[in-house]
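Residue-level listing of the chains:
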Number of protein chains: 2
Amino acid sequence: MNTYKAKIKITLRKGILDVQGKAVEQALHSMDYDIMENVRIGKYVELDITAQNDGQAEEFVREACDKIIANPIVEDYEIEILEQA
Amino acid sequence: MNTYKAKIKITLRKGILDVQGKAVEQALHSMDYDIMENVRIGKYVELDITAQNDGQAEEFVREACDKIIANPIVEDYEIEILEQA
């Protein structure tokens with residue numbers, strides 16, 4: 001069995017209103033950072049996982065994302081699996 | 001002026017207790033995902049920025065992270081700047 005580091009980017013699906021992102025965008029604009037737009041705020045998760053290989057690690061992380069870590073109805077996620085030194 | 005996409009991973013600094021991560025880890029273990037450990041939950045931010053070049057874009061995003069987007073006392077962040085098509 002090997003240990004892997006999983007890095008997961010979770011983003012709100014396109015078309016879903018991102019209230020937190022809008023709030024940060026307004027704060028940026030009020031501080032004269034008008035050059036920044038379309039702020040979207042999601043989650044970033046890291047975890048360690050023990051599995052036989054990276055394919056199995058990704059499969060388990062995908063399952064966990066669908067069930068617990070993300071909300072597949074309104075969120076998309078992207079998984080990266082790295083072998084631990 | 002060019003438009004860039006900034007992708008920012010914000011993580012709690014090492015040593016700072018991640019209560020949300022612990023909660024997700026317990027939920028995973030209660031669903032028999034004991035193979036997953038050290039769950040850390042941060043933020044993932046995407047935004048569009050107009051700047052002269054990617055170096056300037058990164059500089060502005062770094063400023064905005066220090067002032068508004070992240071909390072540099074307890075969080076680290078990693079910025080990636082991509083040119084928009």
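Details of the structure are given in the entry above.
Quick summary incoming for the structure in this document. (Residues numbered from 1 in each chain as written. Chains lettered and ligands numbered in written order. Predicted model: local features only at pLDDT ≥ 70, side-chain atom pairs only at ≥ 80, totals over all residues. Heavy atoms only, no water.)

1. Focus on the overall build of chain A
Thought 1: Looking only at helices and strands, one finds two helices and three strands in chain A.
Thought 2: In chain A, the succession of helices and strands from N to C terminus is β-α-β-α-β.
Thought 3: For 85 residues, the compact-globule estimate of 2.2 N^0.38 gives 12 Å, and chain A exceeds it by more than 25% at 16 Å.
Thought 4: Based on the C-alpha atoms only, the size of chain A along its principal axes is roughly 50 × 30 × 15 Å.
Thought 5: If you take every contact in chain A between residues at least 6 apart in sequence, the share linking residues at least 24 apart comes to 72%.
Thought 6: Each charge class in chain A can be summarised by its mean position, and for the 10 positive and 17 negative side chains these summaries are 3 Å apart. (Helix = DSSP H or I, 4+ residues; strand = E, 2+ residues; numbered from the N terminus. Rg over C-alpha atoms; globule rule 2.2 N^0.38 Å. Contact = heavy atoms within 4.5 Å. Lys, Arg positive; Asp, Glu negative; His and termini not counted. Charge placed at Lys NZ, Arg CZ, Asp CG, Glu CD.)

2. What about the interface of chain A and chain B?
Thought 1: With 34 residues of chain A at the contact, the number on the chain B side is 34 residues.
Thought 2: When chain A packs against chain B, the two sides together hide about 2,900 Å² of surface, and 67% of this comes from carbon and sulfur.
Thought 3: When the buried area of chain A at its contact with chain B is split by residue, Ile35, Tyr44 and Ile68 of chain A rank highest and sum to 22% of it.
Thought 4: Counting the contacts that link chain A with chain B gives zero salt bridges.
Thought 5: Where chain A touches chain B, the interface holds 14 residue pairs in polar contact (both at pLDDT 80 or more).
Thought 6: When contributions to the side of chain A that touches chain B are tallied by element, the ones reaching two or more residues are strand 1 (2–12), helix 1 (19–30), strand 2 (36–51) and helix 2 (54–69) of chain A. (Buried area = accessible area lost by both parts, 1.4 Å probe. Salt bridge = Lys/Arg side-chain N within 4 Å of Asp/Glu carboxyl O. Polar contact = N/O pair within 3.5 Å; in protein donor to acceptor, adjacent residues only side chain to side chain.)

3. Here's the deal with the sheet that holds strand 2 of chain A
Thought 1: Reading across the sheet, the six strands line up as 3(A)-1(A)-2(A)-2(B)-1(B)-3(B) and stay open at both edges, with antiparallel pairing between neighbours. Here the strands that pair on one side only, and so sit at the sheet edges, are strand 3 (75–83) of chain A together with strand 3 (75–83) of chain B. The sheet shows a mean angle of 25° between the axes of neighbouring strands, taken without regard to direction.
Thought 2: Here strand 1 (residues 2–12) of chain B pairs with strand 3 of chain B via nine bridges, running antiparallel. Looking across to strand 3 of chain B, one finds that lysine 7 of chain B is bridged to glutamate 80 of chain B.
Thought 3: On top of the sheet, helix 1 (residues 19–30) of chain B reaches strand 2 of chain A together with strand 2 (36–51) of chain B; it is set at about 130° to strand 2 of chain B, its chief contact.
Thought 4: The strands that helix 2 (residues 54–69) of chain B touches are strand 2 of chain A together with strand 1, strand 2 and strand 3 of chain B; relative to strand 3 of chain B, the one it contacts most, it runs at about 150°. (Pairing = 2+ DSSP bridges. Axes fitted to C-alpha atoms, helices over the stretch in contact; angles between N-to-C directions.)

4. Focus: the packing of helix 2 of chain A against helix 1 of chain B
Thought 1: Two elements in contact, helix 2 of chain A and helix 1 of chain B, have axes whose closest approach is 11 Å; the angle formed by their N-to-C orientations is 110°. In terms of orientation, helix 2 of chain A lies roughly perpendicular with respect to helix 1 of chain B. With respect to the hand of their crossing, helix 2 of chain A and helix 1 of chain B are arranged in right-handed fashion. In this structure, helix 2 of chain A contributes Ala64, Ile68 and Ile69 of chain A to the contact, and helix 1 of chain B contributes Val24, Ala27 and Leu28 of chain B.
Thought 2: Partitioning the contact of helix 2 of chain A with helix 1 of chain B into residue classes produces six nonpolar, no polar and no charged. (Parallel < 35°, antiparallel > 145°, perpendicular 65-115°, else oblique. Left-handed = near helix turned anticlockwise from the far one by under 90°. Nonpolar A, V, L, I, M, F, W, Y, C, P; charged D, E, K, R; others polar.)

5. Here's the deal with unusual backbone geometry
What is expected of a backbone is that most residues other than glycine have negative phi and most peptide bonds are trans.
Residue and element names in this part refer to chain A.
Thought 1: Positive phi, normally seen in glycine, also occurs at aspartate 32, with a value near 70°.
Thought 2: Within the element layout of this structure, aspartate 32 appears in the loop between helix 1 and strand 2.
Thought 3: A relative accessible area of 64% means that aspartate 32 is categorised as exposed.
Thought 4: The phi angle at asparagine 38 is positive, at roughly 55°, despite the residue not being glycine.
Thought 5: Mapped onto the fold, asparagine 38 is located in strand 2. (Buried < 20%, exposed > 50% of the residue type's maximum accessible area, 1.4 Å probe, protein only.)

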